[in-house]
Amino acid sequence: MYDIVAREDFSDVTYLLEVEHPLLAKAAKPGQFVIVRWGEDGERIPLTIADFDREKGTVTLVIQAVGKTTLQMQAECQVGSSLTSLVGPMGIPSHIGEAAKVVCVGGGLGVAPVFPQLRAHKESGAYTIGVIGFRSKDLIFWEEKFRERCDELIVMTDDGSYGEEGLVTRGIEMAIEKHADIDEVVAIGPPIMMKFCAETTRAHGIKTMVSLNPIMVDGTGMCGGCRVSVGEGIKFACVDGPDFDGHQVDFDELMSRLARFKEDERQSLESWQHECRMMNQEVRG
């Protein structure tokens, strides 16, 4: 059992859990992920490590409540409760230290997992430019945390309620217009966002790394659920990634595969919601 020692809610769907796991915190590196299970009968879900504190012995996860398991965790994971299992760190750590000037891009929930990479690039001596994007001002989190590690920070909002108006791709373009010597772009977020980030940098010939988080079962490459087409070959995100060359990833195939599970996810969510309603009725009765 792994104790939840802190929780923060960023919005009605996005929340942070800080979990005590000294060995994991000691071993974790930027870019890696964990597989979490809430409850004995819970689903195993992959989550990129948003932060880790070796001195405190904790790892931080930022989660978006979009399906049955993440909604259940949002309702039940409170300080003082525990995760049944927390496996990791998994995946190949990000390559840090080779670039002198890096743009780290996070969109929505991708803001959290791009932070360890940005911090590591900064600590390696790189000039770091952060580009973080949200739908609106009300959804912004970790702005000050990024400012502490960025030489420059560009905050984008879809509706223009804060920072610059537009998508993170516009933020990348702004960075490129100002800096002709960018060595690498790191982009983390929804597949469609990462796809267009890669397309934005392709014309400029800038190396672009993306972090893929497809559906996984075992996390060891045996189930094949997380396979992705990269260049001319097939890779498994859990053991070959999660970082890949964004210019080589077949994002259309990836998004098509993810859509195949929508109906199963809907049925699972509806079943859980029905059980919750029945339990509430019994309590009130």
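Everything numeric here is computed off the predicted structure, so don't read it as measured data. (Residues numbered from 1 in each chain as written. Predicted model: local features only at pLDDT ≥ 70, side-chain atom pairs only at ≥ 80, totals over all residues. Heavy atoms only, no water.)

Attention now moves to the sheet that holds strand S3 (residues 33-37). Read from one edge to the other, the open sheet built from three strands follows the order S4-S3-S8, with strand pairing classed as antiparallel. The strands lining the two open edges of the sheet, one partner per strand, are strand S4 (44-48) and strand S8 (85-90). Recorded for the sheet is a direction-independent mean angle of 25° between the axes of neighbouring strands. By the bridge criterion, five bridges tie S3 to S4 in an arrangement that is antiparallel. (Pairing = 2+ DSSP bridges. Helix = DSSP H or I, 4+ residues; strand = E, 2+ residues; numbered from the N terminus. Axes fitted to C-alpha atoms, helices over the stretch in contact; angles between N-to-C directions.)

Let us now look at the packing of aromatic side chains. Across all of its chains, the model carries six aromatic pairs by this definition. Here the aromatic rings of Phe10 and Phe141 are separated by 4.3 Å at their centres, their planes lie at 10°, and the arrangement is stacked. Here Phe10, found in the loop between strand S1 (2-9) and strand S2 (14-20), pairs with Phe141, found in the loop between strand S10 (127-134) and helix H4 (143-147); they are 131 residues apart in sequence, far enough to count as distant. Residue classification places Phe10 among the buried residues on the basis of a relative accessible area of 13%. (Phe/Tyr/Trp six-rings, centres within 6.5 Å; stacked < 30°, edge-to-face > 60°. Buried < 20%, exposed > 50% of the residue type's maximum accessible area, 1.4 Å probe, protein only.)

Over its 12 residues, helix H6 (residues 191-202) runs 16 Å from end to end, which matches the ideal 16 Å to within 8%, given 1.5 Å per residue. If you check which residues of H6 are buried, you get Met193, Met194, Lys195, Cys197, Ala198, Thr200 and Thr201. (Expected span 1.5 Å × (residues − 1).)

Within S2, six of the seven residues are buried, leaving the element largely enclosed by the surrounding structure. As paired strands, S1 and S2 are joined by five bridges and run antiparallel to one another. What sits directly across from Asp9, in S2, is Tyr15. If you look at the hairpin formed by S1 and S2, you'll find four residues sitting between the two strands. Sheet topology note: the S2/strand S6 (residues 58-64) ladder contains seven bridges and is antiparallel. What sits directly across from Leu16, in S6, is Val62.

This brings us to the side chain of Glu184. Secondary-structure assignment places Glu184 in strand S13 (residues 184-188). Once you skip the residues sitting within four places of it in the chain, Glu184 turns out to touch Ala99, Lys101, Val102, Val103, Ile206, Lys207 and Met209. (Contact = heavy atoms within 4.5 Å.)

Right, let's get into the pattern of salt bridges. Note that side chains of opposite charge can pair when their charged atoms are close. Applying the stated criterion across every chain yields a total of 14 salt bridges. Residue Arg7 pairs with Asp9 through a salt bridge whose shortest N-O separation is 2.9 Å. Lys195 is paired through a salt bridge with Asp252; the nearest N and O atoms lie 2.8 Å apart. Of this pair, Lys195 sits in helix H6 while Asp252 sits in helix H8 (residues 251-259); the two residues are 57 residues apart in sequence, bridging distant segments of the chain. Using a relative accessible area of 47% as the deciding quantity, one classes Asp252 as partly exposed. Among the charged side chains, a salt-bridge network with shared partners connects Asp51, Arg119 and Lys145. (Salt bridge = Lys/Arg side-chain N within 4 Å of Asp/Glu carboxyl O.)

Here we take up the packing of helix H5 (residues 168-178) against H6. The geometry of H5 relative to H6 is characterised by a closest axis approach of 9 Å and an angle of 25° between their N-to-C directions. What the angle tells us is that H5 and H6 run roughly parallel. The crossing of H5 and H6 is right-handed. Residue-level inspection shows Val168, Thr169, Ile172 and Glu173 of H5 in contact with H6, the latter providing Met193, Phe196, Cys197, Thr200 and Thr201. Here the contact of H5 with H6 is built from residues that sort into five nonpolar, three polar and one charged. (Parallel < 35°, antiparallel > 145°, perpendicular 65-115°, else oblique. Left-handed = near helix turned anticlockwise from the far one by under 90°. Nonpolar A, V, L, I, M, F, W, Y, C, P; charged D, E, K, R; others polar.)

To continue, consider the sheet that holds strand S12 (residues 164-165). Sheet architecture is open: seven strands sit in the order S12-S11-S10-S9-S13-S14-S17, paired in mixed fashion. Looking at strand neighbours, the two that pair on one side only are S12 and strand S17 (243-245), the edges of this open sheet. As judged from the seven bridges shared by strand S9 (residues 101-107) and S10, these two strands associate in the parallel manner. Counted as the bridge partner of Val105 is Val131 from S10. With respect to the sheet, H5 is in contact with S9, S10, strand S11 (152-157) and S12, its orientation differing from that of S11 by roughly 150°. Across the sheet, H6 lies against S9, S13 and strand S14 (207-211), angled at about 165° from S13, the strand it touches most.

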